[in-house]
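Survey of secondary and tertiary structure
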Amino acid sequence: QERTRHAAMMRYRPGSFEGRLTFVRAADRGDDDPAHPERAWLDRARGGTAFQTVYGDPQSMFQPPHVQALAGCLRRALDAAER
């Protein structure tokens, strides 16, 4: 499952995005994770980019207790987008 996720991530090519992009990455990353997965997005987000790091690894950041920090990042990004 991990290899499949990694292979899919490496094959994905994002299109352009007119808004501001908030890239949230896990603080704990595996040795096989790319060093800077956000690079593919840097020139795609026309409204600029913001970067946030949350505790956990790419899977545990979606589970308690780390998911609360992820939710906070998303809430702040959504609040900023509404302004």
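Placed above this text is the structure.
The structure contained in this document is the topic of the report that follows. Per chain, residue numbering runs from 1 following the sequence as it is written. Given that this is a predicted model, residues contribute local features only at a pLDDT of at least 70 and side-chain atom pairs are listed and counted only at 80 or more, while totals for whole chains, interfaces and linings are drawn from all residues. Side-chain measures were taken over the full set of non-hydrogen atoms in the model, leaving aside hydrogen atoms and water.

Here's the deal with the overall build of the chain
Secondary structure elements follow DSSP: runs of H or I no shorter than four residues count as helices, runs of E no shorter than two count as strands, and numbering proceeds from the N terminus. Summing up its helical and strand segments, the chain has three helices and two strands in all. Ordering the α and β elements of the chain from the N terminus gives α-β-α-β-α. Seen along its three principal axes, the alpha-carbon backbone of the chain occupies a region of about 40 × 30 × 15 Å. Of all 83 residues assigned to the chain, the portion counted as buried reaches 23%. We call two residues in contact whenever any of their non-hydrogen atoms come within 4.5 Å of each other. Counted over contacts in the chain with a minimum sequence separation of 6, partners at least 24 positions apart contribute 73%. Carbon and sulfur atoms make up 53% of the accessible area of the chain, which amounts to about 6,100 Å² in all. Here the positive residues are Lys and Arg and the negative ones are Asp and Glu; neither His nor the chain ends is included. Here the site of a charge means NZ on Lys, CZ on Arg, CG on Asp, or CD on Glu. Across the chain, the mean location of the 13 positive side-chain charges is 4 Å away from that of the 11 negative side-chain charges. Note on classification: 1.4 Å probe, protein chains only; a residue is buried when its accessible area is under 20% of the maximum for its type, exposed when over 50%, partly exposed between these limits. All accessible-area figures derive from a Shrake-Rupley calculation using a 1.4 Å probe, and residue coverage is judged against the displayed protein chains alone.

Thoughts on the environment of Asp28
When you line up the elements, Asp28 lands in the loop between β1 (21-26) and α2 (39-42). Its relative accessible area of 47% is what places Asp28 among the partly exposed residues. Remark: the alpha-carbon pair of Asp28 and Val54, spanning 26 residues in sequence, is separated by 8.8 Å. Every residue in contact with Asp28, bar those within four places of it in the chain, is listed here: Gly56, Asp57 and Pro58.

Let's talk about the packing of aromatic side chains
Working definition: rings of Phe, Tyr and Trp (its six-membered ring) pair if their centres are within 6.5 Å, and the pair is stacked with planes under 30 degrees apart, edge-to-face with planes over 60 apart, and tilted otherwise. Here the structure, examined in full by the defined rule, presents one aromatic pair. Judged by centre distance (6.3 Å) and plane angle (55°), the rings of Phe23 and Phe51 are tilted. Here Phe51 lies in strand β2 (residues 49-54) and Phe23 lies in strand β1, a separation of 28 residues in the sequence. The exposure class assigned to Phe23 is buried, which follows from its relative accessible area of 14%.

Considering the pattern of salt bridges
Between Lys or Arg on one side and Asp or Glu on the other, a salt bridge is scored when a side-chain nitrogen of the former is within 4 Å of a carboxyl oxygen of the latter. According to the stated counting rule, one finds four salt bridges in the structure shown. Here Glu2 makes a salt bridge to Arg5, at a shortest N to O gap of 2.5 Å. Of this pair, Glu2 and Arg5 both sit in helix α1 (residues 2-11), three residues apart, roughly one helical turn. The class for Glu2 is partly exposed, based on a relative accessible area of 31%. Owing to a relative accessible area of 27%, Arg5 belongs among the partly exposed residues under this scheme. In this structure, Arg46 and Glu18 form a salt bridge, with 3.7 Å as the shortest nitrogen-oxygen distance. With Arg46 in the loop between α2 and β2 and Glu18 in the loop between α1 and β1, this pair connects stretches of sequence that are 28 residues apart.

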